[in-house]
Amino acid sequence: IYLGVYLLLIFVRLYIMKGLLNFPVTLFIKLVLLRLVVVTPVAFLVPGLIVYCMEDSLERFFLCCVISILSTCLSVYVLGMERGERKIFLNKVVAVKNQLRHNRRM
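In what follows, the accompanying structure is described.

Parameters and conventions
Residues numbered from 1 in each chain as written. Predicted model: local features only at pLDDT ≥ 70, side-chain atom pairs only at ≥ 80, totals over all residues. Heavy atoms only, no water. Helix = DSSP H or I, 4+ residues; strand = E, 2+ residues; numbered from the N terminus. Buried < 20%, exposed > 50% of the residue type's maximum accessible area, 1.4 Å probe, protein only. Contact = heavy atoms within 4.5 Å. Axes fitted to C-alpha atoms, helices over the stretch in contact; angles between N-to-C directions. Parallel < 35°, antiparallel > 145°, perpendicular 65-115°, else oblique. Left-handed = near helix turned anticlockwise from the far one by under 90°. Nonpolar A, V, L, I, M, F, W, Y, C, P; charged D, E, K, R; others polar. Salt bridge = Lys/Arg side-chain N within 4 Å of Asp/Glu carboxyl O. 1 Å grid on protein atoms, 1.4 Å probe; cavity = no way out; pocket = protein on both sides within 12 Å on 5 of 7 lines; lining within 4 Å. Points joined across faces, edges and corners; volume = space filled by probe spheres on them.

In this section: the side chain of Ser 71. Mapping Ser 71 onto the fold places it in helix H3 (residues 58-80). Judged by relative accessible area, Ser 71 falls into the buried class, the value being 13%. Once you skip the residues sitting within four places of it in the chain, Ser 71 turns out to touch Val 42, Ala 43 and Pro 47.

So, on to the packing of helix H2 (residues 25-53) against H3. The N-to-C vectors of H2 and H3 enclose an angle of 155°; their axes lie 8 Å apart at closest approach. Relative to H3, the element H2 is oriented roughly antiparallel. The handedness of the crossing between H2 and H3 is right-handed. When H2 is examined against H3, the residues Arg 35, Val 38, Val 39, Val 42, Ala 43, Val 46, Pro 47, Ile 50 and Val 51 are found in contact with a partner set consisting of Arg 60, Leu 63, Cys 64, Ile 67, Ser 68, Ser 71, Thr 72, Ser 75, Val 76, Leu 79 and Gly 80. Considering only residue class, the contact of H2 with H3 consists of 13 nonpolar, five polar and two charged.

Inspection of every chain in the model, using the stated rule, returns three salt bridges. Salt-bridge contacts for Glu 82 lead to Arg 35; the nearest nitrogen and oxygen are separated by 2.8 Å. Taken together, the residues Glu 82 in the loop between H3 and helix H4 (83-105) and Arg 35 in helix H2 connect sequence positions 47 residues apart. Between Glu 85 and Arg 35 there is a salt bridge whose closest N-O contact spans 3.6 Å. One end of the pair, Glu 85, is in helix H4; the other, Arg 35, is in helix H2, and 50 residues separate them in sequence.

For the rest of this paragraph, the subject is the layout of surface pockets. In this structure, the largest pocket spans a volume of roughly 240 Å³. Elements supplying a minimum of two residues to the lining of the largest pocket: helix H1 (2-21) and H2. Sorting elements by how many residues they give to the lining of the largest pocket places H2 first, with seven residues. When its residues are assigned to classes, the lining of the largest pocket shows eleven nonpolar, no polar and no charged.

Following this line, the structure appears as structure tokens:
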């Protein structure tokens, strides 16, 4: 029920934004919501298999946490970002890496 209400509210907000701001709803659906529909199940797949296949344990918890983070990051990077966004992200990672190296030398 929560998910249905939440989805309904998204479309109500989009309708209001279209009327007030001439917001491009179809472009938003294409660039944001459809990517979300693709990224979410892919990111859930491997952690879901771990939860399903392993018995309850502290090891499963930590493994699932780490795999969830990696799976989400990878699926967002590969499926959720456009080429330009990936380039900006990699440039930022390189800048942070260089900054950390520079701080270690001091």
